[in-house]
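One letter stands for each residue in the lines below.
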Amino acid sequence: MTPIELAEKLHAKDVVLLAGRLLLSLIFVHEGLQLATHFEGAQKAMAALGVGTPLLIATILLQLGAGLSVALGVLARLGAIGLGLFCLMTAGLFHTNFTSQNELLHFEKDLAIAGGMFILALSGAGRLSVERVLTGFSKDTKIDPPIEQHLLVGETSLPV
(Lines give C-alpha, C1' and ligand atoms only; values in the text may rest on other atoms or scores of the structure.)
Protein backbone atom coordinates (compact mmCIF):
# COMPACT_ATOMS: atom_id res chain seq x y z
CA MET A 1 0.00 0.00 0.00
CA THR A 2 1.42 3.36 -1.02
CA PRO A 3 1.46 6.34 1.36
CA ILE A 4 -1.22 8.01 -0.75
CA GLU A 5 -3.47 4.94 -0.55
CA LEU A 6 -2.95 4.75 3.21
CA ALA A 7 -3.79 8.44 3.65
CA GLU A 8 -6.95 7.99 1.58
CA LYS A 9 -7.98 4.96 3.64
CA LEU A 10 -7.49 6.83 6.92
CA HIS A 11 -9.22 9.94 5.59
CA ALA A 12 -6.12 11.92 6.53
CA LYS A 13 -7.32 14.86 4.43
CA ASP A 14 -10.37 15.25 6.64
CA VAL A 15 -8.36 15.01 9.86
CA VAL A 16 -5.93 17.65 8.56
CA LEU A 17 -8.84 19.87 7.47
CA LEU A 18 -10.38 19.57 10.94
CA ALA A 19 -7.08 20.43 12.65
CA GLY A 20 -6.53 23.35 10.26
CA ARG A 21 -10.05 24.66 10.80
CA LEU A 22 -9.64 24.52 14.56
CA LEU A 23 -6.25 26.21 14.51
CA LEU A 24 -7.39 28.95 12.12
CA SER A 25 -10.57 29.66 14.05
CA LEU A 26 -8.98 29.69 17.50
CA ILE A 27 -7.59 33.23 17.21
CA PHE A 28 -10.95 34.65 16.11
CA VAL A 29 -13.10 32.88 18.70
CA HIS A 30 -10.63 33.80 21.46
CA GLU A 31 -10.38 37.43 20.39
CA GLY A 32 -14.15 37.74 19.92
CA LEU A 33 -14.71 36.40 23.44
CA GLN A 34 -12.06 38.75 24.85
CA LEU A 35 -13.65 41.78 23.18
CA ALA A 36 -17.14 40.76 24.29
CA THR A 37 -16.21 40.04 27.91
CA HIS A 38 -14.10 43.19 28.23
CA PHE A 39 -16.37 45.38 26.16
CA GLU A 40 -15.79 48.73 27.88
CA GLY A 41 -12.01 48.43 27.67
CA ALA A 42 -12.24 47.26 24.06
CA GLN A 43 -14.55 50.16 23.28
CA LYS A 44 -12.01 52.67 24.64
CA ALA A 45 -9.08 51.01 22.84
CA MET A 46 -10.98 50.91 19.55
CA ALA A 47 -12.11 54.51 19.91
CA ALA A 48 -8.45 55.50 20.19
CA LEU A 49 -7.93 53.84 16.78
CA GLY A 50 -10.94 55.61 15.30
CA VAL A 51 -13.25 52.58 15.43
CA GLY A 52 -16.74 53.30 16.73
CA THR A 53 -18.98 51.09 18.84
CA PRO A 54 -21.13 49.77 15.94
CA LEU A 55 -18.01 48.56 14.11
CA LEU A 56 -16.69 47.00 17.33
CA ILE A 57 -19.95 45.08 17.76
CA ALA A 58 -19.81 43.96 14.11
CA THR A 59 -16.22 42.81 14.64
CA ILE A 60 -17.19 40.78 17.70
CA LEU A 61 -20.11 39.19 15.85
CA LEU A 62 -17.94 38.39 12.83
CA GLN A 63 -15.13 36.91 14.89
CA LEU A 64 -17.46 34.75 16.97
CA GLY A 65 -19.92 33.83 14.22
CA ALA A 66 -17.48 33.13 11.42
CA GLY A 67 -14.91 31.70 13.83
CA LEU A 68 -17.41 29.14 15.12
CA SER A 69 -18.61 28.51 11.57
CA VAL A 70 -15.08 27.55 10.52
CA ALA A 71 -14.37 25.56 13.69
CA LEU A 72 -17.57 23.55 13.54
CA GLY A 73 -17.71 23.21 9.77
CA VAL A 74 -21.11 24.84 9.33
CA LEU A 75 -21.08 27.16 6.32
CA ALA A 76 -17.30 26.98 6.69
CA ARG A 77 -16.60 28.31 3.18
CA LEU A 78 -18.63 31.45 3.87
CA GLY A 79 -17.05 31.92 7.30
CA ALA A 80 -13.57 31.46 5.84
CA ILE A 81 -14.18 34.05 3.13
CA GLY A 82 -15.50 36.53 5.71
CA LEU A 83 -12.52 36.04 8.01
CA GLY A 84 -10.06 36.13 5.11
CA LEU A 85 -11.43 39.49 3.97
CA PHE A 86 -11.45 40.71 7.58
CA CYS A 87 -7.74 39.85 7.87
CA LEU A 88 -6.91 41.68 4.65
CA MET A 89 -8.77 44.77 5.82
CA THR A 90 -7.18 44.63 9.27
CA ALA A 91 -3.71 44.33 7.76
CA GLY A 92 -4.29 47.22 5.37
CA LEU A 93 -5.98 49.54 7.86
CA PHE A 94 -4.15 48.93 11.13
CA HIS A 95 -0.76 47.33 10.49
CA THR A 96 0.98 49.48 7.88
CA ASN A 97 3.69 51.08 10.01
CA PHE A 98 6.47 48.90 8.61
CA THR A 99 9.16 50.76 10.56
CA SER A 100 7.83 48.91 13.61
CA GLN A 101 8.88 45.25 13.59
CA ASN A 102 5.77 44.40 15.65
CA GLU A 103 3.42 46.04 13.14
CA LEU A 104 5.18 44.31 10.24
CA LEU A 105 4.77 40.98 12.02
CA HIS A 106 1.03 41.61 12.52
CA PHE A 107 0.69 42.65 8.87
CA GLU A 108 2.37 39.43 7.70
CA LYS A 109 0.36 37.32 10.18
CA ASP A 110 -2.89 38.77 8.89
CA LEU A 111 -1.87 38.05 5.29
CA ALA A 112 -0.91 34.47 6.18
CA ILE A 113 -4.19 33.84 7.99
CA ALA A 114 -6.12 35.32 5.06
CA GLY A 115 -4.30 32.94 2.74
CA GLY A 116 -5.20 29.98 4.94
CA MET A 117 -8.82 31.08 5.04
CA PHE A 118 -9.02 31.40 1.26
CA ILE A 119 -7.52 27.92 0.85
CA LEU A 120 -10.12 26.61 3.31
CA ALA A 121 -12.84 28.36 1.31
CA LEU A 122 -11.70 26.43 -1.76
CA SER A 123 -11.30 23.06 -0.06
CA GLY A 124 -14.35 23.15 2.20
CA ALA A 125 -14.70 21.74 5.70
CA GLY A 126 -14.30 18.09 4.81
CA ARG A 127 -16.14 15.09 6.23
CA LEU A 128 -15.43 15.85 9.89
CA SER A 129 -17.87 18.72 10.24
CA VAL A 130 -21.17 19.44 11.96
CA GLU A 131 -22.75 20.20 8.60
CA ARG A 132 -21.87 16.70 7.43
CA VAL A 133 -23.41 15.20 10.59
CA LEU A 134 -26.59 17.25 10.14
CA THR A 135 -27.06 15.95 6.62
CA GLY A 136 -26.95 12.37 7.89
CA PHE A 137 -23.74 11.20 6.25
CA SER A 138 -25.62 10.68 3.01
CA LYS A 139 -23.34 9.38 0.27
CA ASP A 140 -25.30 11.40 -2.26
CA THR A 141 -24.77 14.64 -0.35
CA LYS A 142 -22.06 16.85 -1.78
CA ILE A 143 -21.41 19.43 0.92
CA ASP A 144 -17.81 20.02 -0.04
CA PRO A 145 -17.41 18.73 -3.58
CA PRO A 146 -13.83 18.19 -4.66
CA ILE A 147 -12.12 20.82 -6.72
CA GLU A 148 -12.37 19.78 -10.34
CA GLN A 149 -9.26 19.41 -12.45
CA HIS A 150 -9.42 20.82 -15.99
CA LEU A 151 -7.77 18.21 -18.14
CA LEU A 152 -6.58 20.56 -20.86
CA VAL A 153 -5.05 23.40 -18.88
CA GLY A 154 -4.13 21.82 -15.55
CA GLU A 155 -5.89 24.52 -13.52
CA THR A 156 -8.26 24.01 -10.64
CA SER A 157 -11.57 25.68 -10.07
CA LEU A 158 -14.56 25.37 -7.82
CA PRO A 159 -17.31 23.14 -9.15
CA VAL A 160 -20.28 25.21 -10.26
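Criteria and cut-off values
Residues numbered from 1 in each chain as written. Predicted model: local features only at pLDDT ≥ 70, side-chain atom pairs only at ≥ 80, totals over all residues. Heavy atoms only, no water. Salt bridge = Lys/Arg side-chain N within 4 Å of Asp/Glu carboxyl O. Helix = DSSP H or I, 4+ residues; strand = E, 2+ residues; numbered from the N terminus. Buried < 20%, exposed > 50% of the residue type's maximum accessible area, 1.4 Å probe, protein only. Axes fitted to C-alpha atoms, helices over the stretch in contact; angles between N-to-C directions. Parallel < 35°, antiparallel > 145°, perpendicular 65-115°, else oblique. Left-handed = near helix turned anticlockwise from the far one by under 90°. Contact = heavy atoms within 4.5 Å. Phe/Tyr/Trp six-rings, centres within 6.5 Å; stacked < 30°, edge-to-face > 60°. Patch = residues over 30% accessible without salt bridge, like charges linked within 9 Å, V, L, I, M, F, W, Y side chains within 5 Å. Areas by Shrake-Rupley, 256 points an atom, 1.4 Å probe, with all protein chains shown as cover. pLDDT = per-residue confidence, 0-100.

A. Examining the pattern of salt bridges more closely. By the definition in use, this model includes two salt bridges. Asp14 is paired through a salt bridge with Arg127; the nearest N and O atoms lie 3.7 Å apart. One end of the pair, Asp14, is in helix α2 (residues 12–37); the other, Arg127, is in the loop between α6 (101–123) and α7 (130–134), with 113 residues separating them in the sequence. For Asp14, a relative accessible area of 8% gives the class buried.

B. Seen up close, the packing of α2 against helix α4 (residues 53–72). Axis separation between α2 and α4 bottoms out at 8 Å; the angle between their running directions is 150 degrees. Relative to α4, the element α2 is oriented roughly antiparallel. Crossing angle aside, the handedness with which α2 passes α4 is left-handed. Judged by residue contacts, Arg21, Leu22, Ser25, Phe28, Val29, Glu31, Gly32, Leu33, Leu35 and Ala36 of α2 engage Leu56, Thr59, Ile60, Gln63, Leu64, Gly67, Leu68, Val70, Ala71 and Leu72 from α4.

C. Geometry of the packing of aromatic side chains. Applying the stated rule across the entire model yields two aromatic pairs. Residues Phe28 and Phe86 carry aromatic rings whose centres are separated by 6.4 Å and whose planes lie at 70 degrees to one another, so their mutual orientation is edge-to-face. Here the residue Phe28 occupies a position in helix α2, and Phe86 occupies one in helix α5 (residues 76–94), the gap between them amounting to 58 residues. Judged by its relative accessible area of 5%, Phe28 falls in the buried class. On the accessibility criterion, Phe86 (15% relative accessible area) is buried. With 4.9 Å between their ring centres and 70 degrees between their planes, Phe98 and Phe107 make a pair best called edge-to-face.

D. Examining a nonpolar patch on the surface more closely. Together, Ile81, Leu85, Leu88, Leu111 and Phe118 line one region of the surface with nonpolar side chains, adding up to about 390 Å² of accessible area. Contributions of two or more residues to the nonpolar patch are made by α5 and α6. Sorting elements by how many residues they give to the nonpolar patch places α5 first, with three residues.

E. Geometry of the confidence of the model for the chain. On average, residues of the chain score 87 in pLDDT, and 84% of them reach the 70 mark or higher. Considering each helix and strand of the chain separately, the mean pLDDT is smallest for strand β1 (residues 148–149), with a value of 50, and largest for α4, with 98.

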